[in-house]
There are 6 protein chains.
Amino acid sequence: DFMAALQEVPPAFGVSETELKQCVQNQVIPFAPHIEQILADGKLYVDQVRQSSRTPLVSVLLHGPAGSGKTALAATMAMESEFPFIKLISPETMVGLNETAKIAEINKVFNDSYKSPMSVIVIDSIERLLDWVPIGPRFSNAVLQALLVLLKRKPPKDRRLLILGTTTERSILEQMNMTDSFDSDIYVPTITNLEGVDIVLQQLELFTNQERERTLSILADSGADKRLAIGIKKLLMVIEMARQDADKIEKFVNTILALT
Amino acid sequence: DFMAALQEVPPAFGVSETELKQCVQNQVIPFAPHIEQILADGKLYVDQVRQSSRTPLVSVLLHGPAGSGKTALAATMAMESEFPFIKLISPETMVGLNETAKIAEINKVFNDSYKSPMSVIVIDSIERLLDWVPIGPRFSNAVLQALLVLLKRKPPKDRRLLILGTTTERSILEQMNMTDSFDSDIYVPTITNLEGVDIVLQQLELFTNQERERTLSILADSGADKRLAIGIKKLLMVIEMARQDADKIEKFVNTILALT
Amino acid sequence: DFMAALQEVPPAFGVSETELKQCVQNQVIPFAPHIEQILADGKLYVDQVRQSSRTPLVSVLLHGPAGSGKTALAATMAMESEFPFIKLISPETMVGLNETAKIAEINKVFNDSYKSPMSVIVIDSIERLLDWVPIGPRFSNAVLQALLVLLKRKPPKDRRLLILGTTTERSILEQMNMTDSFDSDIYVPTITNLEGVDIVLQQLELFTNQERERTLSILADSGADKRLAIGIKKLLMVIEMARQDADKIEKFVNTILALT
Amino acid sequence: DFMAALQEVPPAFGVSETELKQCVQNQVIPFAPHIEQILADGKLYVDQVRQSSRTPLVSVLLHGPAGSGKTALAATMAMESEFPFIKLISPETMVGLNETAKIAEINKVFNDSYKSPMSVIVIDSIERLLDWVPIGPRFSNAVLQALLVLLKRKPPKDRRLLILGTTTERSILEQMNMTDSFDSDIYVPTITNLEGVDIVLQQLELFTNQERERTLSILADSGADKRLAIGIKKLLMVIEMARQDADKIEKFVNTILALT
Amino acid sequence: DFMAALQEVPPAFGVSETELKQCVQNQVIPFAPHIEQILADGKLYVDQVRQSSRTPLVSVLLHGPAGSGKTALAATMAMESEFPFIKLISPETMVGLNETAKIAEINKVFNDSYKSPMSVIVIDSIERLLDWVPIGPRFSNAVLQALLVLLKRKPPKDRRLLILGTTTERSILEQMNMTDSFDSDIYVPTITNLEGVDIVLQQLELFTNQERERTLSILADSGADKRLAIGIKKLLMVIEMARQDADKIEKFVNTILALT
Amino acid sequence: DFMAALQEVPPAFGVSETELKQCVQNQVIPFAPHIEQILADGKLYVDQVRQSSRTPLVSVLLHGPAGSGKTALAATMAMESEFPFIKLISPETMVGLNETAKIAEINKVFNDSYKSPMSVIVIDSIERLLDWVPIGPRFSNAVLQALLVLLKRKPPKDRRLLILGTTTERSILEQMNMTDSFDSDIYVPTITNLEGVDIVLQQLELFTNQERERTLSILADSGADKRLAIGIKKLLMVIEMARQDADKIEKFVNTILALT
Ligand SMILES: Nc1ncnc2c1ncn2[C@@H]1O[C@H](COP(=O)(O)OP(=O)(O)OP(=O)(O)O)[C@@H](O)[C@H]1O
Ligand SMILES: Nc1ncnc2c1ncn2[C@@H]1O[C@H](COP(=O)(O)OP(=O)(O)OP(=O)(O)O)[C@@H](O)[C@H]1O
Ligand SMILES: Nc1ncnc2c1ncn2[C@@H]1O[C@H](COP(=O)(O)OP(=O)(O)OP(=O)(O)O)[C@@H](O)[C@H]1O
Ligand SMILES: Nc1ncnc2c1ncn2[C@@H]1O[C@H](COP(=O)(O)OP(=O)(O)OP(=O)(O)O)[C@@H](O)[C@H]1O
Ligand SMILES: Nc1ncnc2c1ncn2[C@@H]1O[C@H](COP(=O)(O)OP(=O)(O)OP(=O)(O)O)[C@@H](O)[C@H]1O
Ligand SMILES: Nc1ncnc2c1ncn2[C@@H]1O[C@H](COP(=O)(O)OP(=O)(O)OP(=O)(O)O)[C@@H](O)[C@H]1O
Ligand SMILES: [Mg+2]
Ligand SMILES: [Mg+2]
Ligand SMILES: [Mg+2]
Ligand SMILES: [Mg+2]
Ligand SMILES: [Mg+2]
Ligand SMILES: [Mg+2]
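The sections below set out a description of the structure shown in this document. (Residues numbered from 1 in each chain as written. Chains lettered and ligands numbered in written order. Predicted model: local features only at pLDDT ≥ 70, side-chain atom pairs only at ≥ 80, totals over all residues. Heavy atoms only, no water.)

## Remarks on the overall build of chain A
On a plain count of helices and strands, chain A comes out with 13 helices and five strands. Here the C-alpha coordinates of chain A stretch approximately 60 × 45 × 30 Å along the principal axes. Evaluated residue by residue, chain A yields a buried proportion of 57% over its 260 residues. Of the contacts formed within chain A by residues at least 6 apart in sequence, a portion of 83% connects residues at least 24 apart. Only carbon and sulfur atoms are counted for the fraction: they give 49% of the accessible area of chain A, which is about 10900 Å². Averaging the locations of the 27 positively and 33 negatively charged side chains of chain A gives two centres separated by 5 Å. (Helix = DSSP H or I, 4+ residues; strand = E, 2+ residues; numbered from the N terminus. Buried < 20%, exposed > 50% of the residue type's maximum accessible area, 1.4 Å probe, protein only. Contact = heavy atoms within 4.5 Å. Areas by Shrake-Rupley, 256 points an atom, 1.4 Å probe, with all protein chains shown as cover. Lys, Arg positive; Asp, Glu negative; His and termini not counted. Charge placed at Lys NZ, Arg CZ, Asp CG, Glu CD.)

This is how it looks when you write it as structure tokens:
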């Protein structure tokens, strides 16, 4: 039965730990309340897969602007499930593969997952897996069709699977009828206020406290607060660029303002 | 002759029982009168194939919104025919096959069916078999053409065949001249009133009777009754998600209302 | 010389009798005067090929709505010619062949025909041989080009050939410049009055005389006579469906009315 | 030198006599003055190739409506040149060849021609060699490009070549910049008056003199003279069809009137 | 060093003399002052390549209407350079090659040129090398991209290269961003006045002096002078055609007038 | 650790010195202040990669009009980094490679770079690597997708990478969502005033001082100053062309004026 099957599989089986950890290289900084809410939602889906035999397959789409932290959050949810099988499907390991090889690799991850009683598969940057480009538009219909089927293909008896997808192109996936294939979705926003920037600056220790306060008050004075919408990934890059500069405050402020 | 030929084939020959049963994993709940009507119609087509030598080939298309239960109903009709050959053609077993391999597999099922005096073939999710995507639009014309021919190709002498197709994209199939190739079609609707929801809730035992009544009255008060149109498949998922939540009623009601 | 050559070939050479007979499975019921006129015209073309040395190649296109009986009539004409070589080119035997293989097979039939002094080739469902679909539109230009050439390629000295094509898509073939390549064409209409239906009903013995008369008078009363346009193939299917029903008259009448 | 080279090649070398003769199966009937003018022009081009060392390559395009006699006239010109190398490039021998094989075959004919001091190449039905279809439009750009180059590629020293092309689609070739590659062109019209029909009828002996006169006067009375535009090829077919009919005059007149 | 390297290569190395000579089969007749100006410009580019070590790569595009003499002029410039490596890249030697083979051949010419201290490469009829056709439009992007790179790829140290391109489709090359890749361009016009025609007629000796004068005065009287725009290549063809005719003057005048 | 790893790799490992040097064949002439500013910015990015462990991957796009000096500047930045691994990815070494081979080569450079603790990769002429052409438009989506992934794929632990891209088609890359994948970008402008021209003329020693002054005053008088926008690469070509001419000043002035 199910609990017995669970024991047979060594916990470490099929976990892409290294890859998943690298997705969260710069930690998950709780710069806004929604970050914790997202991780809590993730836990609910993990529980549903673990407990409801009527829904052995649950799929969730994390979507939001570029660099908002989607991959880091999906990887975190996956690792926290502690399921015996946790795998990352990512375009980064598929550079130069043709459609057929890509689909074979994706399909293999799903088939492998059926060997474990409970599994999580993270499908990262779906638009990139699909070779999406807005000129045309062009994309790999073969990969799309494979994903459309795999997102709905139930695992065999006594096997359960949680699928976490990420994308910056939700509206495109909608045009492709892919969003219908996900059971649920989660929006991952950018940082839109200076409190968020402040928390990240503290964590990264770019400035002394005094410098930081000056920096934030300059930004506030120039109205950045109102138009701010910066991904956590970009903010980390801007901080590290500023760190090289003779005048860190000026560099940081100018770069942030140029982005708003 | 025909009755003799019927005896020669062992009843279990060529039946995809496991796959078909998995299509009806959560039973067929009679949440509305049309469910039984659909199954009765199915029996009539089965009878026609069994009895009329003038129409050795009969094809029926089940169509309707996503998750309305098309696959489960087609699988049920097929299994209830008790014909010696019952097969499922599904995109789920064809992930990563190219057009040629797909067509070969589909064609093989038809040719295999000719070995049995009476057969049912379920062609599930035709739009997915066709690799249909609305952007472009794109689809596999080779698979389409194969299906258009197979839907009309009469079985050899003394062989009879019932074809049950399913699709969410009837209007697309119409543009492709495919609906003309079906002899008949059956519409499978979503659940559009709270009585249907009530029957399903009872069956799934999410709530106590009291909770269920409160839930339904909240939904009725918020006017959900008028705009409701939820597939049985989605309703089952919503029920299982709610089951994980601390406040099951709130979760259930909110999710349903978000869908109307 | 020609008459000598005629003797050398055994009459049964190259005749696809089984396939052609299956095309006329349900006989040719003379439900209207045009049926006999069409068959008489067919005989004239057969005679021309047999007798005029100036026109060793004659091609005729049978066109009309879906299910109007084109294939059955072309097959009948072909079989009645009693030429030593009579072949059917049909999409039904080419499922899954690629363009090259299809063209090779078609070309082979033509080359084989040159071995007989007189031949008939039926090219059935040309739009399907061309993989035609209105979305796009898409079709196999390679098959089209092969047909365009073969329709005009004269057989070698002392060889004669009658080509009978069928299609539901005459206007498409016109856009492809294919109708110009046929020397003549024949329109095959649907049944458009209740007399035709009556003749077919008598032949098929669905009803007692009394039932039949009642049925027809109901149809006449509801004005079906004026809007009727049903292919013989569909009418046969409707009759067989009605045959399964408890109330045959009601089923028959309702289905016919739903089609008008 | 040139005259010496001319002797070395046996006159029959590389002449596709059978194929060319078959193109003129029904003779060239001088139904109008332009027929002789066209053949005289053909002789001038043949002379130019034979005599002018400055223009070792001359190319002429015969164009006009379907069935107007282009192929028969080009074949006649070619055969009358009595050059040692006369070849027909025709879609009829290339059914089912892919682009590469087609181009190889075409190119080979040109390379072979260089072995003869003087050559004629007839390129028949250029639009068909190009796999032209107006839907799309689609055509083989590879074959087109090969022809564009070959039409202008000078033969090697002391070699001369006359190219005769035929097409029904002059305006398409113009859009493809192909007409520019021909040095000259000749228009081949249909029969547009009853005198032409009369001459052909006499030659074909369909009617007695009396019948013929009656036929023509009926046609004249119904105003056919004014709207007539029938290709010689079609006229021959109509005559042979009428020959089978009980009432030859009626059949002939009706068919001709249906075409005007 | 450079001068030493120059000695090592035998002067005849890599010169496509035969092909280049054939491009100027009918000499370069100085029918207008611009002809000599173009050849003088050509010498300047040859000198620059020979002398400036800062610009080891110089590319020039000769463009103008069909038959205006572009290829003959480019070939003349190339041969007059007397560089040790002079090669012609022409569509005429590439009939039937696929894109890959074409590019390999083109690339090889460039790589071969690097073995000589100084080289000229003539790239003839670029639009034809690109398989350009205005319907679509279609062309070989692979060949285009190869040319775009090769036109700018500097030869290795101590190697120098002059590239002479020809085309009738300058505006198309502009749309393809190819004109930007040429360092300079030269316009080659048609003959636009009767003086030019006169010079050519004298050279070709079609007429006696008296005939020629009459011919030109007829042309002048009919206003041909104002609308004249004939390529030298076409003019030569017209002269040779007229030479075959009984009435040479009439034929010549009529053909010229038909072209204006 | 990181510093240890740095020692293990011989400094010359993987440096494409010859190719990079050839990109700066004509030096970097400081004809305007922005030249030095660009090189200083380049140093900052090099420092960031060397020092910040949070941003092991930094990518910068140099963009600007044709011939403005992008490649020379990127090559200079790369060489000045003195990182152990410095590689040039250029379309010039990939002529005739198909998409797959191109991607394999590009991917290999990235994988090779991971063997060095610190690396610079210059991706030159990205629009050309993508086989971009505005007609269509057409481009290699496969190469695009590979670059999109590689631009964001983090090097493994303890490895750092600076990517310098160049393009003339920034707006196209923007439509392809590629600019989002670069962390920063640098605009490289043309020469837009006569001071810049003067500096370059002095460096190239085309004129005596007196000639140069006269030249510049002629240009100033004709208002060239206001409309000037010439790439340094073109200016160098114009100078070398003028050097061949009898009247260098006239040639130089005329060519420059023709470009404004
Ligand atoms: N609260 C947070 N949420 C997500 N990521 C965070 C957070 N705090 C810090 N990070 C860091 O920010 C980075 C987020 O990058 P990530 O690749 O996850 O973004 P993304 O949205 O997937 O980007 P892309 O749109 O490019 O795919 C990671 O390095 C992560 O460690
Ligand atoms: N009355 C019913 N009719 C159909 N299915 C039912 C019914 N009651 C319960 N079910 C269950 O609901 C689910 C219906 O899902 P099914 O896959 O058949 O829907 P579908 O319409 O084919 O979906 P899709 O549009 O995604 O193909 C099955 O698990 C089935 O057991
Ligand atoms: N008068 C008739 N003419 C033609 N077919 C008839 C006639 N009477 C009965 N039939 C029967 O009707 C059927 C006609 O079907 P058939 O396949 O020939 O139609 P079709 O027009 O070719 O259809 P489709 O458009 O699908 O190709 C055959 O089974 C034939 O035996
Ligand atoms: N004056 C004539 N000119 C040409 N053909 C003639 C003439 N008189 C009789 N014929 C006969 O008419 C037929 C003309 O057919 P042909 O194939 O040459 O026409 P076509 O214009 O090439 O047709 P298509 O447009 O189909 O290629 C031949 O059989 C030829 O023998
Ligand atoms: N002044 C001239 N300039 C160029 N060609 C001349 C001149 N005088 C005579 N000729 C002859 O004219 C012909 C010009 O043909 P050429 O093939 O060079 O033209 P083209 O412009 O390249 O034609 P196309 O546009 O077809 O490529 C050659 O045979 C050449 O010998
Ligand atoms: N200040 C400068 N900046 C850049 N290049 C310079 C400068 N001064 C002189 N040069 C020289 O100018 C040339 C610039 O050419 P380069 O190929 O770098 O331009 P590019 O912008 O990359 O051109 P393209 O748009 O064609 O790729 C090089 O030969 C370089 O040595
Ligand atoms: Mg991501
Ligand atoms: Mg389904
Ligand atoms: Mg048919
Ligand atoms: Mg012809
Ligand atoms: Mg030329
Ligand atoms: Mg560059």
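Further notes follow.
## What about the site of ligand 3?
Not every one of the 22 residues close to ligand 3 is listed here, only the nearest: K152(B), Q27(C), I29(C), K70(C) and T71(C). Chains contributing residues to the immediate surroundings of ligand 3 are chains B and C. With respect to ligand 3, the side chain of K152(B) contributes an N or O atom lying 2.6 Å from an oxygen atom. Within the backbone of I29(C), one N or O atom sits 2.7 Å away from a nitrogen atom of ligand 3. Isolated, ligand 3 exposes 630 Å² of accessible area, and the fraction of that covered by the protein chains is 95%. (Near = heavy atom within 4 Å. Polar contact = N/O pair within 3.5 Å; in protein donor to acceptor, adjacent residues only side chain to side chain.)

## Description of the relation of the copies chain B and chain A
Superposing chain B onto chain A requires a rotation of 60° together with a translation of 0.1 Å along the rotation axis, leaving an RMSD of 0.0 Å. With respect to symmetry, the two chain copies, as superposed, fit the operation of a six-fold axis. Within chain B, the C-alpha atom positioned nearest to the axis of rotation is that of G136(B), 9.2 Å from it. Little of the interface of chain B is mirrored in chain A, where only 8% of its interface residues again form contacts. (Least-squares fit on C-alpha atoms with pLDDT ≥ 70 in both.)

## Some remarks on the environment of N193(E)
Residues and elements named next belong to chain E. Within the secondary structure, N193 sits in the loop between β5 (184-187) and α9 (194-204). Judged by its relative accessible area of 30%, N193 is partly exposed. Residues within four places of N193 in sequence aside, it is in contact with D225 and L228.

## Things to note about the interface of chain F and chain A
Between chain F and chain A, the residue contacts involve 36 residues of the former and 26 residues of the latter. Here chain F meets chain A over a buried area of about 2600 Å², counting both sides, of which 55% is carbon and sulfur. Three residues stand out in chain F for area buried against chain A, namely R54(F), Q145(F) and V149(F), and they jointly supply 23% of the buried area on that side. In this assembly, chain F and chain A are joined by one salt bridge. When the shortest N-O distance is used, the salt bridge between R54(F) and E240(A) registers 3.5 Å. Between chain F and chain A we count nine residue pairs in polar contact (both at pLDDT 80 or more) in total. For the side of chain F that touches chain A, the elements supplying multiple residues, two or more each, are α3 (33-51), β1 (57-63), α5 (99-113), α7 (141-150) and α8 (170-175) of chain F. No other element matches α7(F), which puts seven residues into the side of chain F that touches chain A. (Buried area = accessible area lost by both parts, 1.4 Å probe. Salt bridge = Lys/Arg side-chain N within 4 Å of Asp/Glu carboxyl O.)

## Brief notes about the arrangement of the chains
For the non-touching pair chain A and chain C, the nearest C-alpha separation works out to 16 Å. In this assembly chain D lies apart from chain F, the nearest approach of their C-alpha atoms being 16 Å.

## Points about the interface of chain B and chain A
Taken together, the contacts link 26 residues of chain B with 36 residues of chain A. Between chain B and chain A, the buried area comes to about 2600 Å², and carbon and sulfur atoms account for 55% of it. On the surface where chain B and chain A come into contact, there are nine residue pairs in polar contact (both at pLDDT 80 or more). Taken together, the elements giving at least two residues each to the side of chain B that touches chain A come down to α9 (194-204) and α12 (232-244) of chain B.

## Looking at empty space enclosed by the protein
Under the defined criterion, the tally for this structure stands at five cavities of 30 Å³ or more. A volume near 70 Å³ is recorded for the largest cavity. Forming the boundary of the largest cavity are D41(B), L44(B), Y45(B), Q48(B), M241(C), Q244(C) and K251(C). Residue assignment for the lining of the largest cavity shows that the elements contributing at least two residues are α3 (33-51) of chain B together with α12 (232-244) of chain C. Among the elements that make up the lining of the largest cavity, the one with the highest residue count is α3(B) (four residues). (1 Å grid on protein atoms, 1.4 Å probe; cavity = no way out; pocket = protein on both sides within 12 Å on 5 of 7 lines; lining within 4 Å. Points joined across faces, edges and corners; volume = space filled by probe spheres on them.)

## Description of the packing of aromatic side chains
Per the stated rule, a full pass over the model turns up 12 aromatic pairs over all chains. A centroid spacing of 5.8 Å and a plane angle of 85° characterise the contact between F207(B) and F252(B), whose relative ring orientation is edge-to-face. A residue pair is termed long-range when its members are at least 10 positions apart, and F207(B) in the loop between α9 and α10 (209-221) and F252(B) in helix α13 (residues 248-259) qualify at 45 residues. By relative accessible area, F252(B) is classed as buried at 0%. Across the ring face of F139(B), the terminal group of R138(C) is positioned such that the distance to the ring centre comes to 4.1 Å. (Phe/Tyr/Trp six-rings, centres within 6.5 Å; stacked < 30°, edge-to-face > 60°. Lys NZ or Arg CZ within 6 Å of the ring centre and 35° of its normal.)

## Some words on the pattern of salt bridges
Counted according to the given criterion, the structure contains 68 salt bridges over all chains. K102(C) is paired through a salt bridge with D131(C); the nearest N and O atoms lie 2.9 Å apart. Of the two residues, K102(C) is situated in helix α5 (residues 99-113) and D131(C) in the loop between α6 (126-129) and α7 (141-150); the sequence distance between them amounts to 29 residues. Exposure remark for K102(C): the relative accessible area of 7% places this residue in the buried category. Connected via shared salt-bridge partners are R54(A), E240(B) and R243(B).

## Quick notes on the environment of V122(B)
All names here are of chain B. By secondary structure assignment, the location of V122 is in strand β3 (residues 118-123). Linking V122 and G196, residues 74 residues apart in sequence, is a C-alpha distance of 27 Å. Dropping the residues within four chain positions of it, V122 is found in contact with L20, A74, A78, K87, L88, I89 and L164.

## As for the relation of the copies chain F and chain A
Screw-axis analysis of chain F against chain A gives a translation of 0.0 Å along the axis, an RMSD of 0.0 Å, and a rotation angle of 60°. The residues that chain F uses at the interface reappear at the interface of chain A in only 6% of cases, marking distinct surfaces.

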